[in-house]
Amino acid sequence: MRVEIGVLSADTDRTKQRYPGVKCFDTSRGRLKAIIAGIQWSDIVIVGGGELVQDVSSLFYSPFNLLPLFLAVLFRKKAFAWAVGIGQGSELAPLTPLLVKLALKVCDGITVRDRGSFNVLHRLGFREPGMILTADCALTLSKVNPEQIQSNTLGAAPRDVSNRSRKLLPLELRKKLGLCKEADPLPAADAWADILDRHVNKHSSRIILFPFHTGSLSNDDHEFCDLVMSRMRHASRVTLADPSKPGEFVDLISRCRVLLTTPLHGSIISVATGTVPVSISYASKCIRFMEQAELEEYTPSGKAGIPGETAIAAVERAWINSENIQMRMTAVREKLVGRAEKTAEHFRKTFRL
């Protein structure tokens, strides 16, 4: 689009190495300072994120994510909300809808990635053509692996979601202040170890664990994957994907027959690559995407982020019927990829790029 891109980064050297030419604003010296510097530098402020607004992780989560839009007004910058997701019902605090309405009013364009998010913003007064319904941009990573049907590999993306407890302060800050009393992760890890061991026993399958999120902002998926593997009887059949190599990470997902996932983007990238997702949901965004992909029958009920008996049955159905499901997913994937591409189209049209 002939634009120069600037991003917030906690590791500017690593970001510049991976993405040459990208302007970096260092958050290690203070996030607010980096945000202000980035906005002053920019012509267009973009907010993104599948869960841009929700108040389950922390009551500061939504205000912090919307802050760049208020600063855009202060510094007289244009703004765009890029393929965002909005929490539903009880996932939002009473005053959050008003905050969303005030913040998004400054946007020159808005795209939302699912019907539920669109409906929330529609009730707040936002309308087409300024706001359009698209789909998550990760769907454009579409790359189907023809070897999936014969694959004997089960992917798993566990996540400890016990920190989503409506605390005032975010997890990272509570840890720094010594206010964080973490829940025991062993019961959840044992549930994941059990479902994976059962699958190995029945199908002699290989297991690949996918840690989607690593770092300090929430519980570290890599640490939880290590814990799950340590609790397995068949740990020798497990390999761990490297999230620092995104191309290889996505390619490994495409080699799995089924991916059992708590992170939403496990489901999204599975659909993009033709792998069958089974969602161990922890938020409405997970359920909304599986409905969007016409795979709601593979969203088993149970505790948030913890696979139970219904998950065991769902994985078995997905494994046995994977070929038929993959064929059924083809038309849905094409439709969703087409919708995902509309965000860039709307951005170009809005700013005449």
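You'll find the structure just up there.
Described in the following lines is the structure provided in the data block. (Residues numbered from 1 in each chain as written. Predicted model: local features only at pLDDT ≥ 70, side-chain atom pairs only at ≥ 80, totals over all residues. Heavy atoms only, no water.)

**Focus on the packing of helix α10 (residues 264-273) against helix α11 (residues 284-292)**
Convention followed: As a rule, the C-alpha atoms of each element are fitted with a line to give its axis, helices using only the stretch in contact, and angles between N-to-C directions run from 0 to 180 degrees. Counting from the N terminus, the helices are DSSP H or I runs at least four residues long and the strands are E runs at least two residues long. Working definition: roughly parallel below 35 degrees, roughly antiparallel above 145 degrees, roughly perpendicular at 65 to 115 degrees, and oblique for all remaining angles. Handedness of a crossing follows from how the near helix is turned relative to the far one, being left-handed for an anticlockwise turn of less than a right angle and right-handed for a clockwise one. Pairs of residues are marked as contacts when any of their non-hydrogen atoms sit within 4.5 Å. Note on residue classes: Ala, Val, Leu, Ile, Met, Phe, Trp, Tyr, Cys and Pro are nonpolar, Asp, Glu, Lys and Arg are charged, and everything else, Gly too, is polar.
Two elements in contact, α10 and α11, have axes whose closest approach is 9 Å; the angle formed by their N-to-C orientations is 15 degrees. By the criterion of interaxial angle, the relationship of α10 to α11 is roughly parallel. Handedness of the α10/α11 crossing: left-handed. Counted together, L264, S267, I268 and V271 of α10 and K285, C286, F289 and M290 of α11 form the full contact between these two elements. Here the residues of the contact of α10 with α11 sort into six nonpolar, one polar and one charged.

**Side note on the pattern of salt bridges**
How we decide: What counts as a salt bridge is simple: a side-chain nitrogen of Lys or Arg found within 4 Å of a carboxyl oxygen of Asp or Glu. Here's how the labels work: a residue is buried when its accessible area is under 20% of the maximum for its type, exposed when over 50%, partly exposed in between, all with a 1.4 Å probe on protein chains only.
Within the structure shown, the criterion is met by 14 salt bridges. We note a salt bridge from E51 to K285, for which the minimum N-O separation is 3.0 Å. Of this pair, E51 sits in the loop between β3 (44-48) and α3 (61-74) while K285 sits in helix α11, placing them 234 residues apart in sequence. Both residues of the pair, E51 and K285, count as buried. Of the charged contacts, one joins R255 and D251 as a salt bridge, the two residues approaching to 2.9 Å between their closest N and O atoms. One network of salt bridges, in which partners are shared, links R113, D114, D136 and R288.

**Topic: the packing of helix α2 (residues 31-41) against α3**
For the pair α2 and α3, the least separation of the axes is 10 Å and the interaxial angle reads 35 degrees. Every pair of crossing elements has a handedness; the one defined by α2 and α3 is right-handed. When α2 is examined against α3, the residues R31, L32, I35, I36 and I39 are found in contact with a partner set consisting of F64, L67, P68, L71 and A72. Residues of the contact of α2 with α3, tallied by class, amount to nine nonpolar, no polar and one charged.

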